[in-house]
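Here is what each chain is made of, one letter per residue.
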Amino acid sequence: MDGLEWKRAKYTIGPRVFLWVNERLAALSGHALIADHPSIADHLATRAPRTKTVVIPYGGDPLVDVPTAPLARFGIEPNRFFTLIARPEPENSVLEIVRAFSRKKRGVKLVLLGKYDRANPYHATVLEAAGPEVIMPGAIYERLTVDALRAHSAAYLHGHQVGGTNPSLVEALGAGNAIIAHDNRFNRWVAADAGLYFASEDQISDLMDQIIASEPLRAELRTAAVARWREEFTWDMVLSKYEALIEKWSD
């Protein structure tokens, strides 16, 4: 079951109605409903008996001893940049993050991965808001490069406002990233003590300042990130839950 897909701001009324109806039909007809987050399970309990739902989140890989060489193409150094990896959509707070970062000179970079097209009004607004310390290399899929950007960033920025367990946030935990995330029930359950949370552009800017200024804070959040990943999001744990569910319905 998807993460409240019909609530996403990118959809007009027609697709929203279609997705809402499909959610209802799936909840009624499914023998077992898989929710990737406890809050999604709570939502599904309004659609079908709670006993039908099992919570199985996404998993992520640990990142250790990741080489720094891929950073050279961006002209950045370890712990001297923030990373944001997200689809450029309003519900992902990309514009708010870029505005907050760009409001003053920080002495670090913001690496913003994703495909931006000036023909798209929202994309164009993000591009216009980006200051000189924002690096926008486009969409990058090379694993070594993405791993280096995750593993060596001062913090991972996560602005997603809706949905369940986001794979990119889980991957950031496995990379041992400090997290600056939008303050909502979805992100707080996933990142827990590994995150600092914002509800406004002013808070984003303040949290960036804290991360830049304090190595002890970064170290504390990184330790918490790995601990949270081990607690809930290893692939062994995720796959074991799927195996148990399959065995239950195979009997």
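Check the entry above for the structure.
Residues numbered from 1 in each chain as written. Predicted model: local features only at pLDDT ≥ 70, side-chain atom pairs only at ≥ 80, totals over all residues. Heavy atoms only, no water.

## Some details on the environment of Arg99
We apply this condition: The helix count covers DSSP runs of H or I at least four residues long, the strand count covers runs of E at least two residues long, and both are numbered beginning at the N terminus. We call two residues in contact whenever any of their non-hydrogen atoms come within 4.5 Å of each other.
Inspection of the secondary structure assignment puts Arg99 in helix 3 (residues 94-102). As for Arg99 and Ser205, which are separated by 106 residues in sequence, their C-alpha atoms are 8.9 Å apart. For Arg99, the contacting residues outside a window of four places in its chain are Thr125, Ala129 and Glu201.

## Notes on the pattern of salt bridges
Applicable threshold: The salt bridge definition used is simple: a Lys or Arg side-chain nitrogen within 4 Å of an Asp or Glu carboxyl oxygen. The rule is simple: take the accessible area with a 1.4 Å probe, protein chains only, and divide by the maximum for that residue type; under 20% is buried, over 50% is exposed, in between is partly exposed.
A full pass over the atoms with the stated rule returns 16 salt bridges. Across the pair Arg228 and Glu231 runs a salt bridge whose closest N-O atoms are separated by 2.7 Å. Placement of the pair is Arg228 and Glu231 together in helix 9 (residues 215-232), with a separation of 3 residues, close to one helical turn. Overall, the relative accessible area of 8% leaves Arg228 in the buried class. Glu231 gets classed as partly exposed once you look at its relative accessible area, which sits at 49%. Glu232 is paired through a salt bridge with Lys241; the nearest N and O atoms lie 3.5 Å apart. Take Glu232: its relative accessible area is 18%, and that puts it in the buried class. Within this structure, Arg99, Arg103, Glu201 and Asp202 form a network of salt bridges that share partners.

## Description of the environment of Leu28
Among the structural elements, Leu28 can be located in helix 1 (residues 13-29). Along the sequence, Leu28 and Leu127 sit 99 residues apart, while their C-alpha atoms lie 43 Å from each other. Excluding its chain neighbours within four sequence positions, the residues that come into contact with Leu28 are Arg47 and Lys52.

## A look at the pairing of strand 3 (residues 81-85)
Filter applied, for reference: Two strands pair if DSSP finds at least two bridges between them. For crossovers, right-handed means that the path from the first strand over the helix to the second runs clockwise, given strands pointing away from the viewer.
With 5 of its 5 residues buried, strand 3 lies for the most part within the structure. Strand direction decides the pairing type here: strand 3 and strand 4 (residues 109-113), joined by 5 bridges, are parallel. When the bridges of strand 4 are listed, Ile85 appears paired with Leu113. Considered for its hand, the β-α-β crossover made up of strand 3, helix 3 and strand 4 is right-handed. Summarising the sheet, strand 3 and strand 6 (residues 155-158) pair through 3 bridges and their orientation is parallel. Pairing of Thr83 across the sheet is with Tyr156, part of strand 6.

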